[in-house]
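These are the residues of each chain, in order.
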Amino acid sequence: MHKCLDLAPLLLTLTCLFCCFSMISSSSQASSDGFLQCVTEANVSVLEQGEGLFNKQLNKYIRNPKFLANTTGRPLYVVMPANAPHVQAAVRCGRDNKMPIRVRSGGHDYEGLSYRSVDAGGFAMLDMSELRTIVVDNQTSTAWVESGATLGELYHAISEASNLLGFPAGVCTTVGVGGHFSGGGFGTLMRKHGLAVDNIIDAELVVANGTLLNKTTMGDDVFWAIRGGGGGSFGVVLKWQVRLVTVPETVSVFKVSVHNRHGAAVNAVTKWQKVAPAMPGELYIRALVQNDAAVFRAVFLGTCDALLPMMTSKSDGIPWLNLRHSDCKEMTWIESMAYVNNSTVKGLRKRTASDFDSIHGFKATTDYVRHPIRREVWTKIFDKQLAQPMAQVVLVPYGGRMSNVSEDATPFPHRAGVLYSLQLYNYWPVESGDGGAMQTRWVRDMYAFMAPYVSSESKPRGAYFNCRDLDLGTNWGPKYFKGNYERLTKAKAAIDPHNYFSNEQSIPLPK
Ligand code: FDA
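Residues numbered from 1 in each chain as written. Predicted model: local features only at pLDDT ≥ 70, side-chain atom pairs only at ≥ 80, totals over all residues. Heavy atoms only, no water.

Caption draft 1: Quick peek at the environment of Gln88. The topology assignment puts Gln88 in helix H3 (residues 84–96). A C-alpha to C-alpha distance of 18 Å links Gln88 and Ser114, two positions 26 residues apart in sequence. Dropping the residues within four chain positions of it, Gln88 is found in contact with Val206, Gly210, Thr211 and Leu212. (Helix = DSSP H or I, 4+ residues; strand = E, 2+ residues; numbered from the N terminus. Contact = heavy atoms within 4.5 Å.)

Caption draft 2: Structural view of the packing of aromatic side chains. Applying the stated rule across the entire model yields 23 aromatic pairs. Ring centres of Phe186 and Tyr464 lie 5.3 Å apart, and the angle between their planes is 45 degrees; this geometry places the pair in the tilted category. Note that Phe186 is positioned in the loop between helix H5 (177–183) and helix H6 (190–193) and Tyr464 in the loop between helix H14 (437–450) and helix H15 (476–481), a separation of 278 residues in sequence. Of the two residues examined, Phe186 and Tyr464, each falls in the buried class. When the centroid spacing of 5.1 Å and the interplanar angle of 70 degrees are considered together, the rings of Tyr500 and Phe501 count as edge-to-face. Taken together through their ring pairs, the aromatic side chains of Tyr110, Phe356, Phe362, Tyr425 and Tyr427 make up a single cluster. Over the ring of Trp144 we find Lys239, and its NZ or CZ is 5.4 Å from the ring centre. (Phe/Tyr/Trp six-rings, centres within 6.5 Å; stacked < 30°, edge-to-face > 60°. Buried < 20%, exposed > 50% of the residue type's maximum accessible area, 1.4 Å probe, protein only. Lys NZ or Arg CZ within 6 Å of the ring centre and 35° of its normal.)

Caption draft 3: Inspection of the pattern of salt bridges at higher detail. By the definition in use, this model includes 21 salt bridges. Across the salt bridge formed by Arg468 and Asp109, the nearest N and O atoms sit 2.8 Å from each other. Pair noted here: Arg468 is in the loop between H14 and H15 and Asp109 is in the loop between strand E3 (101–104) and strand E4 (124–127), with a separation of 359 residues, a long-range link. The two residues Arg468 and Asp109 agree in class, both being buried. The salt bridge involving Arg324 is made with Asp327; its shortest N-O contact spans 3.2 Å. Assessed through its relative accessible area of 53%, Arg324 is described here as exposed. In this structure Asp327 comes out as buried when scored by relative accessible area, which is 19%. Salt bridges sharing common partners tie together Glu111, Arg116, Lys363, Arg444, Asp469 and Asp471. (Salt bridge = Lys/Arg side-chain N within 4 Å of Asp/Glu carboxyl O.)

Caption draft 4: Quick look at helix H9 (residues 264–275). Over its twelve residues, H9 extends 17 Å from the first C-alpha to the last, a length consistent with the 16 Å expected when each residue adds 1.5 Å. Residues of H9 that are buried include every one of Ala265, Val266, Ala268, Val269, Thr270, Trp272, Gln273 and Val275, and no others. Of the surrounding secondary structure, the elements contacted by the buried residues of H9 are strand E12 (251–259), strand E13 (283–290), strand E14 (293–300), helix H13 (375–386), strand E17 (392–397) and strand E18 (420–429). (Expected span 1.5 Å × (residues − 1).)

Caption draft 5: Just the state of the cysteines, in detail. Tallied over the full model, the rule gives two disulfides. Residue Cys38 pairs covalently with Cys93 via a disulfide, S to S 2.0 Å. In this structure, the disulfide formed by Cys38 and Cys93 twists by about -75 degrees around the S-S bond and is classed as left-handed. Of this pair, Cys38 sits in helix H1 (residues 7–41) while Cys93 sits in helix H3, and the two are 55 residues apart along the sequence. By relative accessible area, which is 2% here, Cys93 ends up buried. Across the disulfide from Cys304 sits Cys328; the S-S distance is 2.0 Å. Where Cys304 bonds to Cys328 through sulfur, the torsion about that S-S bond is close to -90 degrees, and the disulfide is left-handed. Note that Cys304 is positioned in helix H10 (residues 304–312) and Cys328 in the loop between H10 and strand E15 (329–331), a separation of 24 residues in sequence. By the burial criterion, Cys304 is buried, and Cys328 matches it. When the cysteines engaged in disulfides are numbered in sequence order, the protein pairs them as 1-2, 3-4. Unpaired in this structure, Cys172 has its nearest cysteine sulfur neighbour in Cys467, at a distance of 11 Å. Take Cys467: its relative accessible area is 5%, and that puts it in the buried class. (Disulfide = S-S within 2.5 Å.)

Okay, structure coming up:
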């Protein structure tokens, strides 16, 4: 996309897109009417483009505000199911009337593909936000959670049932369970307990003919595929059954910032790469490079008394962080989830975006690092970051349990050998006018700059599906899923042979 600098091809593309759009909107008219009639007869709530409440409901869960722009390819309908038969009816109506459906749970898709179309085709959006029942069974340490629930709602419900149970999933609590569980799901418990997908034990899936399947009836390959093979490809996951994990009564947290005076932050990050992924699974220390500083934020499953000697050990600790007892805070696991979100325990249930997130668009991408990056390269990364006040480089340590799950156990393949994931972000106020062109270019330039230093042993270069990036080009499948991609296409053929569930980066049928 960023190579479209030559005006002539750009004009040609726009003309073609316009042709396509006119064709699709006129040819989809008949099926549109049929779809609307069908869902209305099934008593499913539906809002039509142009209706008063349509924009309000559509915009409510647009989590990358750059897609609030008028140029965004919007759905023709927002369909709001309140129960399983509604979802089944909506899918049947869609398929019978040739109306494509996109599913939105929490709306955090980085490229907005749950609610927008790049290809300019007409479609209906299934808004799962009313389907968010959570039932925790602390006898069996399991829970059923509907896809429209947020991670914060799930964590909160678990903590109400027991303060000794938790769930290993993402940090941002407004993220939807539906998309998150479909693509992996990493967070502060990943080094001890793996990803969300490593802890899913059953699911209910509505497939293209409207049938509702569970783990047994969908079969092993499809059950494998929906746990990490990406949302929007196989059907609509109505709900998930998860295995909860044990958390100690007391966990500890700290946050230490190192400014880059005399290269101190560069030194700290260079050393962090070697030690953080080798620490015991109970300890998660994330590093964030921003504003010429490195910020280390940690969650430890244990007390400060147990953490301090680990940190200060000269042989395998992080003594150069100079962690003092007063830097360490003890709390419950649920309080630690609030802490990493700068929120309160009650605030975890809030479904609205933070003030910052609701007015800043962003561009992001991911990489996997298998060998520590040299100090001089980090100096350059810091310099490049400094040129962009809102840019961030986020480093999430792997190792621990992540290394003990085989690459093909789930579609998420980035396991043993990965030291950490590296995420590049840049933000801009959406009101600023240029649509974040400069910030987007920065992410793309950084991605090119990082090429020699990332995923060096694994070709192609790796990427995380849940940080979806349309800039990855046509080879996105093996980048996200490595050797699992082919098996995903076979699962797709088995469950959705007519490719009803599709988007710009959905799993295709096998070649
Ligand atoms: P959304 O509703 O946009 O769906 C994403 C994709 O899944 C779409 O293709 C959609 O069609 C499909 N889908 C959604 N619901 C479905 C359903 N019920 N059945 C089938 N398909 C469905 N990740 C992470 O691992 N750890 C983290 O800490 C974070 N933190 C984070 C913070 C912020 C601010 C953002 C924007 C994102 C993250 N993520 C993350 C990434 C996040 O996991 C990813 O964007 C998820 O896909 C979001 O799921 P939602 O349901 O919110 O998205």
